[in-house]
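# Analysis of the macromolecular model
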Number of protein chains: 2
Amino acid sequence: MHEPDGERTSVTQRAVESVKAMIADGEVGPGERLPTERDLSARLGVSRSSMREAIRALTTLGVLEARHGAGVYVTALRPADLLETFSVLAEVSQGRTLLEVLQVRRMLEPAATALAAARASDAQLDRLGALLERMDGEPDTFCADTVSADLGFHQAIVESTGNATLAAINEGLSSRTFNARVWAGHREAGLTAKLREDHVLIHEALVARDPDAARAAATTHVMRVERWLGADLARDAS
Amino acid sequence: MHEPDGERTSVTQRAVESVKAMIADGEVGPGERLPTERDLSARLGVSRSSMREAIRALTTLGVLEARHGAGVYVTALRPADLLETFSVLAEVSQGRTLLEVLQVRRMLEPAATALAAARASDAQLDRLGALLERMDGEPDTFCADTVSADLGFHQAIVESTGNATLAAINEGLSSRTFNARVWAGHREAGLTAKLREDHVLIHEALVARDPDAARAAATTHVMRVERWLGADLARDAS
DNA sequence: CACGCCAAGTGGTCCGACCACTTTGGCATG
DNA sequence: CATGCCAAAGTGGTCGGACCACTTGGCGTG
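Residues numbered from 1 in each chain as written. Chains lettered and ligands numbered in written order. Predicted model: local features only at pLDDT ≥ 70, side-chain atom pairs only at ≥ 80, totals over all residues. Heavy atoms only, no water.

Further remarks concern the protein's contact with DNA strand D. Contacts to DNA strand D come from 24 residues, most closely from V11(A), T12(A), S50(A), R48(B) and R52(B). Of all DNA strand D atoms lying within 4 Å of any protein atom, the proportion belonging to sugar or phosphate reaches 62%. Within the side chain of S49(A), one N or O atom sits 3.2 Å away from a base oxygen of DNA strand D. At 3.1 Å from a base nitrogen of DNA strand D is found a side-chain nitrogen or oxygen belonging to R38(B). (Near = heavy atom within 4 Å. Polar contact = N/O pair within 3.5 Å; in protein donor to acceptor, adjacent residues only side chain to side chain.)

It is worth spelling out the packing of helix α2 (residues 37-44) of chain B against helix α3 (residues 48-60) of chain B at this point. Two quantities define a packed helix pair, namely the angle between the helix axes and the distance between the axes. All names here are of chain B. Where α2 contacts α3, the two axes come as close as 9 Å, and the packing angle between them is 110°. By the criterion of interaxial angle, the relationship of α2 to α3 is roughly perpendicular. Together, E37, R38, L40, S41 and L44 of α2 and R48, M51, R52 and I55 of α3 make up the contact between the two elements. Within the contact of α2 with α3, the residues separate by chemical class into four nonpolar, one polar and four charged. (Axes fitted to C-alpha atoms, helices over the stretch in contact; angles between N-to-C directions. Helix = DSSP H or I, 4+ residues; strand = E, 2+ residues; numbered from the N terminus. Parallel < 35°, antiparallel > 145°, perpendicular 65-115°, else oblique. Contact = heavy atoms within 4.5 Å. Nonpolar A, V, L, I, M, F, W, Y, C, P; charged D, E, K, R; others polar.)

For DNA strand C, the set of nearby residues contains 24 residues, the closest of which are T36(A), R48(A), R52(A), V11(B) and S50(B). Backbone atoms, meaning sugar and phosphate, form 61% of the atoms of DNA strand C found within 4 Å of the protein. At a separation of 3.1 Å, a phosphate oxygen of DNA strand C approaches a polar backbone atom of E37(A). Note that a phosphate oxygen of DNA strand C is positioned 2.6 Å from one of the backbone N or O atoms of V11(B). Elements supplying a minimum of two residues to the surface near DNA strand C: α2 (37-44), α3 (48-60), β1 (64-67) and β2 (71-74) of chain A together with α1 (11-24) and α3 of chain B. Examining the composition of the surface near DNA strand C, we find that three residues originate from one element, α3(B), more than from any other. Along the lines of polarity and charge, the residues of the surface near DNA strand C split into five nonpolar, eleven polar and eight charged.

A word on the relation of the copies chain B and chain A. Each copy superposes on the other: chain B lies on chain A with an RMSD of 0.1 Å after a rotation of 180° and an axial shift of 0.0 Å. Taken together, the rotation and translation describe the operation of a two-fold axis. Interface residue correspondence from chain B to chain A reaches 98%, placing this contact among same-surface, isologous pairings. (Least-squares fit on C-alpha atoms with pLDDT ≥ 70 in both.)

Right under this line is the structure:
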């Protein structure tokens, strides 16, 4: 990290830096096409294998996008592109980290919900209402759709803030597999009913454009989930 | 995303999924060593090139770590490992996204600072005080150390919450290059003095273990930075 | 003019060789 | 016997070239 000079560095890594520099210098802009892998490797003086590994690295970072037979393109470089890797955290996280992720959500979601109360458009509020009804219409059984609907509801709220970066981060912290795991042990009791009530309160606060109420409702909701998960983790402590 | 079946998928991608599955199934745990590239490629029925690209992908995601001549290891899978890629966002972000990142920080830092007020240990508070003095001792000139010290101060606060995930996310949103860019146009005037005053207020609130005051001070601080950056971006609008 | 096919060019995969580095165990040295 | 060195084995890193799979655009056919 703090090494003053650039001593020895892998060939592939140099290729990565070169491409990043090309983008930073505006040599290739978002959405534009890069030179051929063969061209790039020749220009940078590396083998095509190494060049491919460099491209693979930038692809997994969401900076580049390779289209088979068509070429390699720079993505739009939107936050959503670059933060997609985020979901990996939620995928492999366990125990303590899971709680930590929820704690971060407890910081973000209330603030985001409050912001949404001030910024959401009427159309966005209508969409939220529709999502809410869809969730109400379903039976009290646990299924993939339940998780999906809950996810969609919260994601729609965060998107209503108009902050794409925030939405991308929150989405990463709320990956499908993550939520499925949280819900797994809690399909019983009146949990679903309570969550629905929370959602209704949040929606009402948004429609009333009341940031304070929205913040409070969102906080309560996340705390509820966090509490259940905490009890669950404490039970089967590793 | 929603395609029902797993039709065609790249060989490399399958290799990535296989390794992820190995980790998820506990076949290899954090810190343990994976089979050799040659073994893995043979076992999964792919070429070593593709296997290497898969490993490269997981390496850039922070899941694996390759040591030249020694083998490929699974990282500790700590949040810090997996969120390192985050800094890429701050590196390539421009204009609007920069503001959005700051908006997210304005949501996170106050909450984190308030939490730190309740949780920080005496040793951590002492360290914060030392960092503060170090910043005070420096002249009012803009240099890399100024950015570095500011970064360290805020990072130390967030780490005091004991939430490693939160710390990793915040670090990603506060990368060195990001801050350098924010500061670039504002080395003049009494900016440095004002920021110092903010830091002192935050530190006092932490020492007093006053969450409310800490939240307020942190909010003020981030808003100040956000406001300056906003004016800057509005000036040289693209 | 519209349609469909084909060839050129691109990324995707595979192979085999060699290089650079780490590790280890045995050998020579004290 | 203890110590340190060094060579060999094994690992990831790089290379070059071949071939496959796919997209694209233009050409020829109806």
